[in-house]
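Single-letter residue listing:
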Amino acid sequence: MSQRGDRAPVRIDQFFAGLGARGDQWRNLVELAEAWCDGSGSRASFEAALAEITPTEEFHAYPGLHLLTALRDQAAANEARATATLVRRITRALLTRSFRQHATDWDAHEDGEAATADVLPPSLGRSEAHQPYFEVLVVTGAPAARWLALAAEWRRLRRSQDAFIYEPVFVGSFEDAFCAAILNPDLAAAIIHEGFPFRSRRDAPILRPLAEAVRKRERVGGMPLDLAQTLKRVRPELDLYLLANGDVEALAGSPEARALRRVFYAVEELLELHLAILEGVQDRYDTPFFDNLKKYAQRPIGTFHALPIARGKSVFKSDWIRDMGEFYGPTLFLAESSATTGGLDSLLEPTGNIKKAQEMAARAFGADHVFFVTNGTSTSNKMAVQALLAPGDIAIVDRNCHKSHHYGMVLSGAQPLYVEAFPMTEYSMYGAVPLRTIKQALLNLKAEGRLQRAKMVDLTNCTFDGHIYNTRRVMEECLAIKPDLIFLWDEAWFGFARFSPFLRPRTAMGAASDIETWIKDPRSVAEYEKQQAELGAKPSTELLLSTRLIPDPRKVKLRVYQTNSTHKSMSALRQGSMLLVKDVEFHSVEAQFHEAVFTHASTSPNQQLIASLDVARRQMELEGYGLVHNAIEVALAIRQAVKEHPLISKYFHVLGADQMVPGEYRHSGFTDYLDPKSNWAVVRRSMHEDEFCLDPTRMTLVCGTAGFDGTQFKGLLANRYNVQLNKTSRNSVLLQSNINNTRSDVAHLIRVLVEISMEIDQRLAQGGANVRSAFNARVKSLMTDVPDLPNFSHFHAAFRKDAGKRTNEGDIRSGFYAAYDAEGCEYIRLADPEIDRRLKHGPDLVSANFVIPYPPGFPIMVPGQVITQETIDFMRKLDVKEIHGYDAAEGLKLVRADALAKRVGPAPKRAA
Ligand SMILES: Cc1ncc(COP(=O)(O)O)c(C=O)c1O
């Protein structure tokens, strides 16, 4: 697609205009230079485009000041051909990232004639071994004219034995440092000198208020420390070094200096700083378990244990299964082991490198502790529920959550108090649970004097379809009602969000860290007391529901748990999951956690899974920021392409934030990422204020309007086009972008959608009236004849013996085991009129098990639940084949009325 100046220029502060946009800008420059060469363009347009990108290019080491100046000089000298050659080379080096290894890419002249030590990174291309490359931000008050010379000084520090190679990037102000941290994903460290101004030399109308807003929050004392806090907030993984001129000892001892890795006295040896930078990156690069596994695999080890596949001899010597060895390669078998010693460690009782790897993961994900789990988040959830809840405890649970939570309640004997997400009936899916509903449940428990039994709030963030909670607000308001509540956030899909400054505050750990800071702030008590005075001694329930409640910071016990399927959004092997802990009371449940690990973890955990968790952490700490940025860009590119393509948009659309999140939950007024008015500041406001936001990487593509149901469309994409999708609904499919996607994937998907749209178009044009009316009828059936989503009804009285009147919790465990009594159960087929008779005249139909249709994937019945007309209507309308817990031939499994009566016991005698 041509960009020759006929497209609006990309501003530096356009929302998420990141790496991809940068590549486009350089390709655009190539086109302009070539047009100038062949006479169809002009030098002026090339120079204008170059001038436009220069401010943001200065935030990157490559092409850098030297090559940018060379480019400008060549253009000024009217050298069209030389300019085109150079801009082509730079663009190629940028797109292939070859500048990280090839010294010649840094040279303005193709023949390499002017390679001086001042310009070229000396060890690029020289080293035999691959040296990973990163960039270091240097924030300085030194005049820009000196930056080239200063960069040369930095390069002279390089030694061939350095494990990594880096390039400095100089900026001269707070604002520029902030922009560079946002725009340059290659940064791994920042050096902050004292003595630089706040304002940039450049203009950035949208970034400016954003930088100011962030600084306001972080204003802790002096520009360098403010900047350090701000950079930590945007990119917590960056190592920060302060070069101070004055009283370094006092500075290093101040609490605000915690954001810094080290404070140096400015006039000291630069070599020390250089070594510190390398050591800091090495700290993130180390993968204690993986490193040891690699060493272990190299050792000649004789095995006399029960893992014959280890070392691969039985595989490679076999005539019959050698292909498996060839497929996976020998390393896999060398790395297979059942050992927990000799350089390895035990996942069940880690004391060595797994323990270390878990501690590093805790640092990376902002937790106090991390448990590695090798059987998916299904297991992490069950572990957390088992460890934190005891029989009879009440947990407020999203009824629409993953089944592992429901099974966790069965295992633990805790009583789920189900709360409902807002329905999105037209797409046969649920949103997320409104905070008002959660508060109402807590206030009901309080009114009945049973609040002390409520131990946990258990929610999914983000939901399968991308609804992100305002985690901080949910926790604060719930803590205002019960200050020691435990929060379990199922972030199966959302682990990557830690590495985006926009999404991080909405993660469990991001919000927990903000609440922790708030608790420590002396102003918080006054804030709380002011609200208490306003609420008065006996606030009405309505007032409590409609007020944004502030908890008492002196009473709050912050207890936050998060589970994430590392394998779903990072580079971990399937089933790799983490359980994150930030709990001031963890010491009181630690033993229970060990029991939960012993209950659920295999005694033969897979070494490769553990290693991949270790490596996934390394990657996210070193390049997660750029990768996540890319995943978001890819998603926005897909959303944009589907919306703008004249043919695709006739039949398909991706639901925007405004369609996924009803207006009442978007107070900031944010509509969608594609809205031309959406920029960083607008998105940040929405992320800060709105009750729910949409994860841009989760795209609900409506296909019912093209005449496909979700399952059908998923099959078509997989079988005919090799495109794999996430989940489906009656009339939509869920596309998900991740850190693995490229712009080529976007191109492939769009091409496929064009092809399918063309086919529909042709079929409708050529098929005549009958085909068109059949198509319209199908679309109508998929888009409007949608079944109402059934709410959770209630548990039968047999399973609510100790329940209150206003809340719906129940003893799901007894309900579950009722199914084990074959005599006490019966089956009735869905179509049997007996169902309708019982619904009308009783006795109650009570489900004996979980019934979970896929899609949509939530339990429409749980054990012990009374089945209602809505549930039966929904089931009868469902046209899906896969329904877990339901066998169409046998019918619904129900607990018999007489078995229920026995459980309820005799009716209480009436008083005479
Ligand atoms: C919200 C949620 N939690 C947990 C899980 C289970 O995760 P895993 O597949 O890692 O066991 C899923 C799986 O789809 C899920 O959607």
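Whatever comes next refers back to the structure up there.
Just so it is clear, the structure is predicted and the values come from calculations on it, not from any experiment. (Residues numbered from 1 in each chain as written. Predicted model: local features only at pLDDT ≥ 70, side-chain atom pairs only at ≥ 80, totals over all residues. Heavy atoms only, no water.)

Novice: Honestly, unusual backbone geometry in this entry has me stumped. Any pointers?
Specialist: Comment: phi is negative for the bulk of residues other than glycine, and the bulk of peptide bonds are trans. The amide bond that connects Asn461 to the next residue, Cys462, takes the cis arrangement and shows omega of -5 degrees. Note on placement: Cys462 falls in the loop between strand 11 (454-460) and strand 12 (467-469). Going from Gly842 to Pro843, the amide bond is cis rather than trans, its omega being -5 degrees. Mapped onto the elements of the fold, Pro843 is located in the loop between helix 33 (833-841) and strand 21 (852-854). For Asn78, which is not a glycine, the phi torsion comes out positive at approximately 65 degrees. Within the fold, Asn78 resides in the loop between helix 3 (64-76) and helix 4 (80-96). Despite not being glycine, Arg97 has its phi angle at roughly 60 degrees, a positive value. (Helix = DSSP H or I, 4+ residues; strand = E, 2+ residues; numbered from the N terminus.)

Novice: So what exactly am I meant to see when it comes to the sheet that holds strand 13 (residues 486-490) here?
Specialist: Strand pairs in the sheet, formed through backbone hydrogen bonds, run parallel or antiparallel to each other. Read from one edge to the other, the open sheet built from 7 strands follows the order 6-15-14-13-11-7-8, with strand pairing classed as mixed. Only two strands of the sheet have a single neighbouring strand rather than two, namely strand 6 (369-373) and strand 8 (415-419). In this sheet, adjacent strand axes meet at a mean angle of 20 degrees when their direction is disregarded. In the sheet, strand 7 (residues 394-398) pairs with strand 11 via 4 bridges, with the strands oriented parallel. By the bridge assignment for strand 11, Ala395 is matched with Met456. Strands in contact with helix 20 (residues 508-520) are strand 13, strand 14 (559-564) and strand 15 (577-583); relative to strand 14, the strand with the most contacts, it is inclined by about 160 degrees. (Pairing = 2+ DSSP bridges. Axes fitted to C-alpha atoms, helices over the stretch in contact; angles between N-to-C directions. Contact = heavy atoms within 4.5 Å.)

Novice: Just checking my understanding: could you explain the site of the ligand for this structure?
Specialist: Around the ligand sit Gly376, Thr377, Ser378, Asn381, His402, Thr460, Asp490, Ala492, Trp493, Ser565, His567 and Lys568, and that is every residue in its neighbourhood. One of the side-chain N or O atoms of Trp493 is found 2.8 Å from an oxygen atom in the ligand. Interatomic distance of 2.8 Å between a side-chain N/O atom of His567 and an oxygen atom of the ligand. Here the ligand has 390 Å² of accessible area as a free molecule, and 86% of this is covered by the chains. Counting residues per element, the ones that place at least two in the shell around the ligand are helix 16 (376-388) and helix 23 (566-569). The dominant element in the shell around the ligand, judged by the number of residues it contributes, is helix 16, at 4 residues. Taken together, the residues of the shell around the ligand sort by class into 2 nonpolar, 8 polar and 2 charged. (Near = heavy atom within 4 Å. Polar contact = N/O pair within 3.5 Å; in protein donor to acceptor, adjacent residues only side chain to side chain. Areas by Shrake-Rupley, 256 points an atom, 1.4 Å probe, with all protein chains shown as cover. Nonpolar A, V, L, I, M, F, W, Y, C, P; charged D, E, K, R; others polar.)

Novice: Which parts of the structure should I look at to understand the nonpolar core?
Specialist: Across soluble globular proteins, nonpolar side chains have a tendency to be buried as a group. Ranked by size, the top nonpolar core spans 216 residues in total, and within it Phe46, Phe652, Phe713, Ile756 and Leu892 carry the most contacts. Discounting chain neighbours no more than four positions away, the residues touching Ile756 are Phe652, Phe708, Phe713, Leu716, Leu717 and Tyr721. If you look at the next biggest cluster of nonpolar residues, it comprises 46 residues, including Leu388, Cys401, Met456 and Phe586. (Core = buried A, V, L, I, M, F, W, Y, C linked by side-chain atoms within 4.5 Å. Buried < 20%, exposed > 50% of the residue type's maximum accessible area, 1.4 Å probe, protein only.)

Novice: Please clarify how the packing of helix 6 (residues 174-183) against helix 8 (residues 223-234) should be interpreted in this entry.
Specialist: Pairs of packed helices are described in terms of their axes, by the angle between the two and the distance that separates them. The N-to-C vectors of helix 6 and helix 8 enclose an angle of 15 degrees; their axes lie 10 Å apart at closest approach. In terms of axis orientation, helix 6 runs roughly parallel to helix 8. As for how helix 6 packs across helix 8, the hand of that crossing is right-handed. Contact with helix 6, carried on its side by Phe174, Ala177, Phe178, Ala181 and Ile182, involves Met223, Asp226, Leu227, Thr230, Leu231 and Val234 of helix 8 and no other residues of that element. A class-by-class count of the residues in the contact of helix 6 with helix 8 yields 9 nonpolar, 1 polar and 1 charged. (Parallel < 35°, antiparallel > 145°, perpendicular 65-115°, else oblique. Left-handed = near helix turned anticlockwise from the far one by under 90°.)

Novice: In this structure, what is going on with the side chain of Glu809? I would like to understand it.
Specialist: Its location among the elements puts Glu809 in the loop between helix 31 (768-783) and helix 32 (812-818). Here Glu809 falls in the buried class, since its relative accessible area comes to 0%. Side chain to side chain, Glu809 and Arg450 meet in a polar contact 2.4 Å long.

Novice: Hey, could you run me through the packing of helix 16 against helix 17 (residues 403-412) in this one?
Specialist: One can describe the packing of helix 16 onto helix 17 by two numbers: an axis separation of 8 Å at closest approach and a directional angle of 35 degrees. Judged by the sense of rotation from one axis to the other, the crossing of helix 16 with helix 17 is right-handed. Of helix 17, the residues touching helix 16 (which contributes Thr377, Ser378, Asn381, Lys382, Val385 and Gln386) are Ser404, His405, Tyr407, Gly408, Met409, Leu411 and Ser412. Residues that form the contact of helix 16 with helix 17 fall into these classes: 4 nonpolar, 8 polar and 1 charged.

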